[in-house]
Amino acid sequence: MTTELITGIRELTTQADDRARLNDAALVIEAGRILWIGPASAAPAADTRTDVGGRAVLPGWVDTHTHLVFAGDRAAEFEARMAGQRYAAGGINTTVAATRAASEEQLARGAARLRREAEAQGTTFLETKTGYGLDLASETRSARAATSVADVVTFLGAHLVPDGIDRRDYLDLVTGPMLAAVAPYADYIDAFCEVGAFDVEESREVLLAGRAAGLGVRVHGNQLGFSGGVRLAVELGAASVDHCNHLKERDIEALAGGATVATLLPACDLSTRQPFPPARRLLGAGARIALATNCNPGTSYTTSMPFCVSTAVLQMGLTIDEAVWAATRGAAAAVGRENGADAAGSLRVGGWADLQVLDAPSVAHLAYRPGVPLTLAVWRRGVRSRLCGLEGSDGLDGSGGSDASGRTDA
Ligand SMILES: N=CN[C@@H](CCC(=O)O)C(=O)O
Ligand SMILES: [Zn+2]
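Note that this is a predicted model, so its numbers are computed, not measured. (Residues numbered from 1 in each chain as written. Chains lettered and ligands numbered in written order. Predicted model: local features only at pLDDT ≥ 70, side-chain atom pairs only at ≥ 80, totals over all residues. Heavy atoms only, no water.)

### Focus on the coordination of the zinc ion (ligand 2)
Put simply, the test is: Note that water is not among the atoms considered, so a metal site may appear incomplete; the donors listed are N, O and S atoms within 2.8 Å of the metal, with 3.2 Å applied to Na, K and Ca. Each label reflects the angles at the metal, where four donors whose angles all fall between 85 and 135 degrees are tetrahedral, four or six donors whose opposite pairs open beyond 155 degrees and whose other angles stay between 65 and 115 are square planar or octahedral respectively, and the rest are irregular.
Each protein donor to the zinc ion (ligand 2) is listed here as His-65 (NE2), His-67 (NE2) and His-220 (NE2); together their distances run 2.0 to 2.1 Å. Given 4 donor atoms and angles of 99 to 123° at the metal, the environment of the zinc ion (ligand 2) is assigned as tetrahedral.

Structure, rendered in C-alpha cells:
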C-alpha cells in the first residue's frame, strides 16, 4: 500500500477537540485515510511527497444543506427580488415543473456538475435533497439521482403542496406511498415548516412518518417568520434545523438545551434579503451551529462554502475559527458524522483524508481576502482532485517550493 506525505504545511487546522491550529506540520495518507499527523521535522518517510509550499491545510468543507437535484433556473425571479419583490415559498412550483419534465439522467448530470463545482471550492462531503419532484415518480427519480452525487440524501416531499392536489391527499401521499418509494435511497426526512408550505402539525406528521420508516429527522424552520419549526425540531431531537433567521429567546434556549444543530445559510439570507440569524446569541447561549450553502435555484444558487464562511465572519459576527469549525466539524454534527470511522470535517489519525490546501498561509485569509478563489488543491478519501492542483504554483515565499509530482522520498 503506497503512502503520501504532505509537508510544507504552514498552518494545519485539524479540528481536534482543542481547536488549535498547528504550525509547520505534515501528515501522511495511506489507503484514503490519515496514517500520521505531526510536526514536519518529525515526519516519517513515505512513497510520495507533496510540498504545499508554506500554505494552510484544513479539512474539506462539509456542506449539509443543498438541493442539487433540479432542472431549470430562476434568474428572472431573482432579478425581480433584487428589484424589491419578496421571496415566497410558491416559487418552488416553477422548479417543480422543470424537474418533472427532466429525465433521471439529466437530473443526475446537473447535480454532478454542481457537486464538481463544490469540490473545486473545497467541499469533500455533501448532503442533498429531493423536493422538486413532488409526485411519486419524480421524487423517486430525484432520490436516485441524489444518491449518485451525495454522501447523505434527504427526502423533502414536504417542500410544498404542489398545484393540482388536495392538501390532505398530498400529506397522505408523502407519508405513505411516496415515503415507501423514497426511503430506500434516503438517510433523512425533512419538512419545510413555514407559512405557505407546512404548519407545525403537518410537519410533525411527516417527520414522525419518516422516523417510523427508519429515517433521521431534519427541518427547514423559521426562515421567513416565527414558524415554530425550530421548537418542533428540538422536540423531535432532529439532527439539524436549518435557516433559523427568526428566533425568539425561547427558540434559542430550546436549541441551547437540545441536541439539534442550528444550520445557518448566509448565502440564502443575502439572496432573499432576510435578516441574518443571531449567530452570536446562539453561540453565547451554548447552541451548536453549522454553516451550509443551501445551493438551490430559488434562494441560494451557489455551491461556495468559502463564500459562506467569509460572509459568516464579515456579516454575522463569527470569528474565523468559529466559522471554519461551523463549516467543517460543526457541520458534521448536523449530519451525525462528527465521530466514528466515517467521521467528516476533521483530520485525525485513522480518519478519512478529506482535506484542502488554501493558496494562503492561514485560514484567516478566507475572510481577509473575500471572494478570492483560494482553494488550491483538494484530497477526497486520499485522492487528489483533478480540478485544481499544485502543479506550477510557487510556494508562498516565492521559492517555487510546491512539488506535487509524487517524487520518491529518498
Ligand atoms: N426554504 C425552502 N426550500 C429552499 C428553497 C426552495 C426554493 O425556493 O426553490 C431553501 O431552503 O431555501
Ligand atoms: Zn433548503
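Text resumes after the structure shown.
### Structural notes on the site of ligand 1
Stated precisely, the cut-off is as follows: One heavy atom within 4 Å of a molecule or strand is enough for the residue carrying it to be called near that molecule or strand. Two N or O atoms count as a polar contact when they lie within 3.5 Å, although within protein this holds only if one can serve as hydrogen donor and the other as acceptor, and sequence-adjacent residues are included solely when both atoms are side-chain atoms. Note on residue classes: Ala, Val, Leu, Ile, Met, Phe, Trp, Tyr, Cys and Pro are nonpolar, Asp, Glu, Lys and Arg are charged, and everything else, Gly too, is polar.
Surrounding ligand 1, one finds 15 residues, the nearest of these being Arg-74, Tyr-87, Tyr-132, Gln-223 and Thr-299. Note that a nitrogen atom of ligand 1 is positioned 2.7 Å from one of the side-chain N or O atoms of His-159. Thr-299 places a polar side-chain atom, nitrogen or oxygen, 2.7 Å from an oxygen atom of ligand 1. Among the residues making up the shell around ligand 1, the classes are represented as 4 nonpolar, 10 polar and 1 charged.

### Here we look at the environment of Gly-237
Here is the rule we go by: Each helix corresponds to a stretch of at least 4 residues labelled H or I by DSSP, and each strand to a stretch of at least 2 residues labelled E; elements are numbered beginning at the N terminus. Note on contacts: a residue pair is in contact if any heavy atoms of the two residues lie within 4.5 Å.
The residue Gly-237 is located in the loop between helix H8 (229-235) and strand E10 (240-243) in this model. Taking C-alpha positions, Gly-237 is 40 Å from Ile-6, a pair spaced 231 residues apart along the chain. When sequence neighbours within four positions are dropped, the list of residues in contact with Gly-237 reads Arg-211 and Thr-260.

### Some words on the UniProt feature "binding site: N-formimidoyl-L-glutamate" (unreviewed entry) in the chain
We apply this condition: UniProt positions are given in the numbering used here, feature names are shortened, and annotations may be inferred rather than shown by experiment. Residue exposure (1.4 Å probe, protein chains only): buried if accessible area is under 20% of the type maximum, exposed if over 50%, otherwise partly exposed.
With numbering aligned to this structure, UniProt lists the feature "binding site: N-formimidoyl-L-glutamate" (unreviewed entry) at Tyr-132, Asn-296 and Gly-298. Taken together, the annotated residues stretch across 167 residues yet fold into one region, lying no more than 11.0 Å apart by C-alpha. Tracing the backbone shows Asn-296 in the loop between strand E12 (289-291) and helix H12 (305-314). Relative accessible area serves as the criterion here: at 2%, Asn-296 is assigned to the buried category. Dropping the residues within four chain positions of it, Asn-296 is found in contact with His-67, Tyr-132 and Tyr-301. Here Thr-299 takes part through its side chain, which lies 2.7 Å from a polar atom of the side chain of Asn-296.

### What to know about the pattern of salt bridges
Any two side chains of opposite charge can pair, on the condition that their charged atoms come close. Quick reminder of the rule: A pairing counts as a salt bridge when a side-chain nitrogen of Lys or Arg comes within 4 Å of a carboxyl oxygen of Asp or Glu.
Scanning the model with the defined rule gives 24 salt bridges in all. One salt bridge connects Arg-115 with Asp-151, and the closest N-O pair in it is separated by 2.9 Å. Pair noted here: Arg-115 is in helix H3 (residues 104-119) and Asp-151 is in the loop between helix H4 (136-147) and strand E7 (152-158), with a separation of 36 residues, a long-range link. Note on accessibility: Arg-115 and Asp-151 belong to one class, buried. The partner of Asp-190 in a salt bridge is Lys-129, with the nearest N and O atoms 3.8 Å apart. Highlighted residues: Asp-190 in strand E8 (residues 188-193) and Lys-129 in strand E6 (residues 123-129), separated in sequence by 61 residues. The same class applies to Asp-190 and to Lys-129, which are both buried. What you see here is one network of salt bridges that share partners, running through Asp-17, Arg-288, Arg-329 and Glu-338.

### Concerning unusual backbone geometry
Phi is positive for Asp-24, which is not a glycine, with a value near 50°. Mapped onto the secondary structure, Asp-24 falls in strand E2 (residues 21-30). Despite not being glycine, Ala-31 shows a phi value in the positive range, around 50°. Note that Ala-31 resides in the loop between E2 and strand E3 (33-39). Taking the relative accessible area as the measure of exposure, Ala-31 reaches 52% and is therefore exposed.

### A closer look at the nonpolar core
To keep things clear, this is the line we draw: Only buried residues count toward a nonpolar core. Its members are Ala, Val, Leu, Ile, Met, Phe, Trp, Tyr and Cys residues joined through side-chain atoms within 4.5 Å. Where each domain begins and ends is defined by an automated method or by a domain database.
Ranked by internal contacts, the top residues of the largest apolar core, which has 87 residues, are Leu-255, Leu-264, Leu-282 and Leu-291. Taken domain by domain, the makeup of this core includes at least three residues from each of domain 1 (3-59 + 346-407) and domain 2 (62-333). In contact with Leu-282, other than residues within four places in its own chain, are Leu-247, Ile-252, Leu-255, Ala-262, Leu-264, Ala-287 and Ile-289. Listed in part, the 16 residues of the second largest apolar core include Leu-12, Val-52, Leu-347 and Leu-376.

### Section: the packing of H3 against H4
Let me state the cut-off plainly: For helices, the axis comes from a line fit to the C-alpha atoms of the stretch in contact; other axes are also lines fit to C-alpha atoms, and the angle between any two N-to-C directions lies between 0 and 180 degrees. For classification purposes, an angle smaller than 35 degrees is called roughly parallel, one larger than 145 roughly antiparallel, one from 65 to 115 roughly perpendicular, and anything else oblique. Note: crossing handedness is left-handed where the near helix turns anticlockwise from the far helix by less than a right angle, and right-handed where it turns clockwise.
It is at 9 Å that the axes of H3 and H4 come closest, and there the two elements cross at 40°. Of the possible angle classes, the one that applies to H3 and H4 is oblique. Like other packed secondary-structure pairs, H3 and H4 cross with a definite hand, here right-handed. Residues Glu-104, Leu-107 and Ala-108 of H3 touch H4, and the partners they reach there are Arg-141, Ser-142, Arg-144 and Ala-145. Looking at the contact of H3 with H4 residue by residue, the class counts come to 3 nonpolar, 1 polar and 3 charged.

### Quick look at the UniProt feature "binding site: Zn(2+)" (unreviewed entry) in the chain
Within the UniProt annotation, "binding site: Zn(2+)" (unreviewed entry) is assigned to His-65, His-67, His-220 and Asn-294. Separation in sequence by 230 residues is not matched in space for these annotated residues, since their most distant C-alpha atoms are only 12.3 Å apart. Inspection of the secondary structure puts His-220 in strand E9 (residues 216-221). Among the residues examined, His-220 registers a relative accessible area of 2% and is labelled buried. Excluding residues within four positions of it along the chain, His-220 makes contact with His-65, His-67, Lys-129, Leu-156, Asp-190, Ala-191, Phe-192, Cys-193, Asp-242 and His-243. For His-220, the side chain forms a polar contact with the side chain of His-67, separated by 3.4 Å. Along the chain, the position of Asn-294 falls in the loop between E12 and H12. By relative accessible area, which is 1% here, Asn-294 ends up buried. Once you skip the residues sitting within four places of it in the chain, Asn-294 turns out to touch Asp-63, His-65, Thr-66, His-67, His-243, Leu-265, Cys-268, Thr-299 and Ser-300. Of the polar contacts made by the side chain of Asn-294, one reaches the side chain of His-67; its length is 3.2 Å.

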